[in-house]
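An overview of the molecular structure
Now for the letters of each chain:
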Number of protein chains: 2
Amino acid sequence: MNPADLRIDVDRLVERLEALGEIGAVHGPNGERGCARLALTDADRDGRDLVVGWMHDLGLSVTVDAIGNVVGVRAGSDPTAAPVMIGSHIDTVRTGGRFDGNLGVLGGLEVIETLAQHGVSTEHPVAVAFFTDEEGARFQPDMLGSLVYVGGMALEDALGVRAADDEAQLGDELARIGYAGPMPCPAAGAPHAFVELHIEQGPVLEDEGVTIGVVTGVQGISWTELTITGQSAHAGTTPMRLRKDPAYVAAEITAGVRAIARQMGGTQVATVGRLELVPNLVNVVASRVTMTVDLRNTDEHLLQHAEHRFETMCTRLAADEGVTIERRTLARFEPVEFDERMIDLVDVTATRLGHTTLRMPSGAGHDAQMLARVCPTSMIFVPSVNGLSHNIAEFTELVDLQAGADVLLQVVLELAGPVGGGSP
Amino acid sequence: MNPADLRIDVDRLVERLEALGEIGAVHGPNGERGCARLALTDADRDGRDLVVGWMHDLGLSVTVDAIGNVVGVRAGSDPTAAPVMIGSHIDTVRTGGRFDGNLGVLGGLEVIETLAQHGVSTEHPVAVAFFTDEEGARFQPDMLGSLVYVGGMALEDALGVRAADDEAQLGDELARIGYAGPMPCPAAGAPHAFVELHIEQGPVLEDEGVTIGVVTGVQGISWTELTITGQSAHAGTTPMRLRKDPAYVAAEITAGVRAIARQMGGTQVATVGRLELVPNLVNVVASRVTMTVDLRNTDEHLLQHAEHRFETMCTRLAADEGVTIERRTLARFEPVEFDERMIDLVDVTATRLGHTTLRMPSGAGHDAQMLARVCPTSMIFVPSVNGLSHNIAEFTELVDLQAGADVLLQVVLELAGPVGGGSP
């Protein structure tokens, strides 16, 4: 068979997704089948053991590095060539789904099994990696494993991070579950290229009726925590003119960042997702509000423009109401742009396979954005039903899983260079 | 001494306020001296025992009714006359002060001690009452004891109310602390008149530089709980146009009720004091928001107008954003207007004593509004420093305590009819 005609076996892929999803399974009241496999827990260990077992079954050479990243390599014909790496993560959030991350890793195994089944060798080795603690649900920052892998965070700092839930130290937990490996991290050499297949985690592909998202990069992220301090007062006895109400200011900020995003258009988004009032009683004007503002844009200058408008608004509102506003930056990442040729390769490949495509930025962070620092990188998105993710109702249709994994296979083949087609 | 020249002993009043405040005392980091004496707790029992002891010391005839209201009566010269009643409450909120309620009760004892000290008798008996569970902090509704006293709630229903904290039944707790008394409740006869001295609990008197608030009535109260349901979504991957964000709608409602209050002016106030997001995460568009809206006005028609504008706004915002809004009424009280002659009496008396006065509604609920259902009623307000109440920093200056209790004394004398001046 001509390698260009190879297709993955979606039933086999789904079988692995289901098997991995049973570890830490969460069942919802309406038949939802989600997953809770927080990084470096017993469930994560069991999930890792299952995937490593599959890697061994496929004859891959498996290594574990000092931060627990696992790489399985299928040798290429050129012993000096760097591997084409497929990768993602298998940790989940507490109320996660079975596709987020897992699809990229198990899609990678499916690519290798398809190549093996059809006797197709490649010039470059093909590697499948899963990186530690991508979600950041237990240990922050998120994308920690891939960040250390590319040298963006010192290993000792990462090992010293403490869990948000039980204060456990990352290094201790890594050793406890048996995944403090011998390979150095950051890695000694960079991959030839990196490709990540992932669910969109948003509603755009479904809304546009498109199968394959050709990911052009990752939005820049600006997270700010605001602490607004006013004057607690009795809701009945305090005239409006004498109030210093932080809940009112928080409301104006929430509506204000929505207006900024609407007015700027493009990829600008703005979200107030966390907001807490103190003392939070029906008949008391709040004394303090803590809230977060999440601003994202694919363009660094536009993101800075949004930040500037947001800050100006805060200053004006604080003065008008007589409250104080403290700002604390929780996270700030500049936008990442993927390699143009890699983007084109995904687009051309998907189109050749007969799929509709849409070039789009990723609104969420992914391991691919870390790998993009050291090698040509791209991502392939498939639709999320109802745009849901980080949700036990997360789902992607079989036909879209097939499409995404087929594109991954053909992109990897193109990058790794097929050197032999097997018997039909 | 001419009874019109009698003045209370503010040091004695403060001594009692301090002694009662030590029961359930809460000390703040900056020297604040607050109080936590929740209704029908051990601390409430100890406070009641102390006040009942003082009543006995003053020779009052003390009765306890079936809901735990305590009344101490000093006999008048006319054995058929109904008593002039002074009253308030001695329970506090969890982080309360030492003046709220307590001042009205201990001010009453001070009035009686002053009359006794100067050998002044009255035609009508003078009673001092404290009513059970005015705050509603442990058992809802608030003003429960006075509500049952005037027949506004059936005794058996009140005894069956369960505590918000530990689910204890009110009747059991009443018996446990020894205050399930033998007197029938509702009371058999109405007082001749009712007067309540209370701290303002707001900033108006201080802001206006006035000593005595002549309370004209109590604002009507409309409490609504809203549950806004949208669509949880990823803050990075969901374009603004595809969002159904209940946090944004909550913000527009919060800013909107402020605008309604500002536009209506007068006594209209509007407060969003409680607001909770689910799941309340920085990078997740909320799926659900629960919030409360507190609307108050002294005029029932204007209050209904505010409610109507608020409801119209909710309907429009829900349609625009594609969220659903469920409304639940938590409380609805029509405004109470005090007796015109009683209001005038307070004003004239305070002015005669040389105090500045301001006619004002009460923004908070008080036992007096229940008593107003059965007899001519009025209230006397004294300033709250910084408008603070339900706060351990609650404070009223000595000079204002003196002024308020003097006005109380002279109003009671006028109502009860002095029949003898003692020796000078």
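Nothing here was measured: the structure is a model prediction, and the numbers come from that model. (Residues numbered from 1 in each chain as written. Chains lettered and ligands numbered in written order. Predicted model: local features only at pLDDT ≥ 70, side-chain atom pairs only at ≥ 80, totals over all residues.)

A count of helical and extended segments in chain A gives 12 helices and 20 strands. Over its C-alpha atoms chain A spans a radius of gyration of 23 Å, differing by no more than 12% from the 22 Å that the globule rule assigns to 424 residues. Counting only C-alpha atoms, chain A reaches 85 × 45 × 45 Å along its principal axes. With 424 residues in all, chain A has 58% of them scored as buried. In chain A, the proportion of contacts linking residues at least 24 apart, taken out of those at least 6 apart, comes to 78%. (Helix = DSSP H or I, 4+ residues; strand = E, 2+ residues; numbered from the N terminus. Rg over C-alpha atoms; globule rule 2.2 N^0.38 Å. Buried ≥ 20, exposed ≤ 12 C-beta atoms within 10 Å, placed from the backbone. Contact = placed C-beta atoms within 7 Å.)

Right, let's talk about the interface of chain A and chain B for a bit. Interface size is often expressed as the accessible area that is lost when the parts come together. Taken together, the contacts link 51 residues of chain A with 51 residues of chain B. At the level of secondary structure, the elements contributing two or more residues to the side of chain A that touches chain B comprise α7 (204-208), β11 (233-234), α8 (246-264), β12 (269-271), β13 (275-278), β14 (284-285) and β15 (288-297) of chain A. A per-element tally of the side of chain A that touches chain B places α8(A) first, with 9 residues. Here the side of chain A that touches chain B is composed, by residue class, of 24 nonpolar, 19 polar and 8 charged. (Nonpolar A, V, L, I, M, F, W, Y, C, P; charged D, E, K, R; others polar.)

Attention now goes to the domain arrangement of chain A. Residues and elements named next belong to chain A. Under the domain assignment used here, chain A contains domain 1 (3-218 + 336-420) and domain 2 (220-333). Each of domain 1 and domain 2 was reduced to a C-alpha centroid, and the two centroids are 36 Å apart. Each partner contributes residues to the interface: domain 1 has 4 residues there, and domain 2 has 5 residues. Along the lines of polarity and charge, the residues of the side of domain 1 that touches domain 2 split into 1 nonpolar, 3 polar and no charged. (Domains from an automatic or database assignment.)

All names here are of chain B. Where helix α1 (residues 10-21) contacts helix α12 (residues 398-416), the two axes come as close as 10 Å, and the packing angle between them is 105 degrees. In terms of their interaxial angle, α1 and α12 are classed as roughly perpendicular. Contacts between α1 and α12 pair V10, L13 and V14 from the former with L398, L401, Q402 and A405 from the latter. The residue makeup of the contact of α1 with α12, split by class, is 6 nonpolar, 1 polar and no charged. (Axes fitted to C-alpha atoms, helices over the stretch in contact; angles between N-to-C directions. Parallel < 35°, antiparallel > 145°, perpendicular 65-115°, else oblique.)

So, on to the relation of the copies chain A and chain B. Overlaying chain A on chain B yields an RMSD of 0.0 Å, the required transformation being a rotation through 180 degrees with an accompanying axial translation of 0.0 Å. Both chain copies can therefore be described as sitting about a two-fold axis. When each C-alpha of chain A is compared by its distance to the rotation axis, A:A251 comes out closest, at 2.0 Å. By residue overlap, the copies meet face to face through one surface: 100% of the interface positions of chain A are interface positions in chain B. (Least-squares fit on C-alpha atoms with pLDDT ≥ 70 in both.)

Contact geometry of α8(A) with helix α8 (residues 246-264) of chain B gives a least axis separation of 8 Å together with a crossing angle of 125 degrees. If you check the angle between α8(A) and α8(B), you find them oblique. Handedness of the crossing formed by α8(A) with α8(B): left-handed. Seen from α8(A), the contacting residues are A:A247, A:Y248, A:A251, A:E252, A:T254, A:A255 and A:R258; seen from α8(B), they are B:A247, B:Y248, B:A251, B:E252, B:T254, B:A255 and B:R258. (Left-handed = near helix turned anticlockwise from the far one by under 90°.)

Residue placement: B:G322 occurs in the loop between α9 (300-321) and β16 (324-333). Remark: the alpha-carbon pair of B:G322 and B:A25, spanning 297 residues in sequence, is separated by 50 Å.

Right, let's get into the pairing of strand β4 (residues 70-74) of chain B. Remember that side chains alternate between the two faces of the sheet whenever the strand is regular. All names here are of chain B. Counting buried positions over the 5 residues of β4 gives 4, a clear majority of the element. Where strand β3 (residues 61-64) lies against β4, 4 bridges are found, and the strand directions are antiparallel. Counterpart to V64 in the pairing with β4 is V70. Pairing of β4 with strand β7 (residues 126-130) involves 5 bridges; the strand directions are antiparallel. Note that in β7 the partner of V71 across the bridge is A129. (Pairing = 2+ DSSP bridges.)

In this structure, the amide linkage connecting A:C185 to the following residue, A:P186, adopts the cis form with an omega of 10 degrees. For A:P186, the location among the structural elements is in the loop between α6 (170-176) and β8 (193-199). The amide bond that connects A:V278 to the next residue, A:P279, takes the cis arrangement and shows omega of 5 degrees. Turning to its location among the elements, A:P279 is positioned in the loop between β13 and β14. With a phi close to 65 degrees, B:N280 is a non-glycine residue in the positive phi region. Along the polypeptide, B:N280 turns up in the loop between β13 (275-278) and β14 (284-285). On the basis of neighbour count, B:N280 is assigned to the partly exposed category, with 16 C-beta atoms found within 10 Å.

Here the focus is the confidence of the model for chain A. The share of residues in chain A with pLDDT of 70 or more is 99%, and the mean pLDDT across the chain is 96. Interface confidence for the predicted complex, given as ipTM, is 0.84, next to a pTM of 0.84. (pLDDT = per-residue confidence, 0-100.)

What follows covers α1(B). All names here are of chain B. Along its 12 residues, α1 runs 16 Å from first to last C-alpha, staying within 8% of the 16 Å computed at 1.5 Å per residue. For α1, the full list of buried residues reads L13, R16, L17, L20 and G21. In a view along the axis of α1, the buried residues occupy a sector of 130 degrees, so they form one face of it. Among the exposed residues of α1, those oriented more than 90 degrees off its buried face are D11 and E18. Packing partners of the buried residues in α1 comprise β1 (25-27), β2 (33-35), α2 (42-57), α3 (102-117) and α12. (Expected span 1.5 Å × (residues − 1). Arc of directions from axis to C-beta.)

The next subject is the environment of B:G404. Residues and elements named next belong to chain B. Assignment of secondary structure puts G404 in helix α12. Taking the C-beta count within 10 Å as the criterion, G404 has 29 such neighbours and is therefore assigned buried. Taking the C-alpha atoms as reference points, G404 and E337, separated by 67 residues in sequence, lie 21 Å from one another.

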